[in-house]
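Single-letter residue listing:
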Amino acid sequence: QNPQSGRLYKRLMQVCASENLMAEGRAIGMLCAQTECDVRACLHTLQFLSGRGGQKVCVADVQSSAAGQRDRTVHAMQAWDNIFSKPK
């Protein structure tokens with residue numbers, strides 16, 4: 001656990017408490033790791049999970065969410081350019 005994830009973990013736990021959202025500590029830690037400490041992604045995921053009506057955010061909720069999964073779509077021509085272009 002790096003210092004940044006520790007600070008984010010503490011802050012997210014504070015946010016959950018202030019929003020009356022119960023969350024497992026392990027779930028928040030996993031959320032920090034999956035999003036690579038992306039604050040906005042963490043907050044959006046917590047907002048989504050709280051809107052589902054669950055009483056508590058648990059590890060299974062974080063695992064089933066798309067947290068940290070960014071769109072990495074590359075078009076075919078772009079892939080060919082990346083493969084065959086000279087490094088800069």
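Residues numbered from 1 in each chain as written. Predicted model: local features only at pLDDT ≥ 70, side-chain atom pairs only at ≥ 80, totals over all residues. Heavy atoms only, no water.

## Quick look at the pattern of salt bridges
- The full count for this structure, using the stated rule, is 1 salt bridge.
- Between Asp 61 and Arg 52 there is a salt bridge whose closest N-O contact spans 2.9 Å.
- For Asp 61, a relative accessible area of 14% translates into the label buried. (Salt bridge = Lys/Arg side-chain N within 4 Å of Asp/Glu carboxyl O. Buried < 20%, exposed > 50% of the residue type's maximum accessible area, 1.4 Å probe, protein only.)

## As for unusual backbone geometry
- Positioned with a positive phi, Asn 20 is a non-glycine residue whose angle comes to about 55 degrees.
- Of note, Asn 20 is situated in the loop between helix H1 (3–18) and strand E1 (22–23). (Helix = DSSP H or I, 4+ residues; strand = E, 2+ residues; numbered from the N terminus.)

## Quick notes on the packing of H1 against helix H2 (residues 25–34)
- Where H1 contacts H2, the axes come no closer than 10 Å and their chain directions differ by 130 degrees. Here H1 is positioned oblique relative to H2, judged by the angle of their axes. In this structure, the crossing between H1 and H2 has a hand that is right-handed. Between H1 and H2, the contacting residues are Ser 5, Leu 8, Tyr 9, Leu 12, Met 13 and Cys 16 on the first element and Gly 25, Ile 28, Gly 29 and Cys 32 on the second.
- Residue classes in the contact of H1 with H2 are distributed as 7 nonpolar, 3 polar and no charged. (Axes fitted to C-alpha atoms, helices over the stretch in contact; angles between N-to-C directions. Parallel < 35°, antiparallel > 145°, perpendicular 65-115°, else oblique. Left-handed = near helix turned anticlockwise from the far one by under 90°. Contact = heavy atoms within 4.5 Å. Nonpolar A, V, L, I, M, F, W, Y, C, P; charged D, E, K, R; others polar.)

Read these as spatial facts, not as claims about activity.
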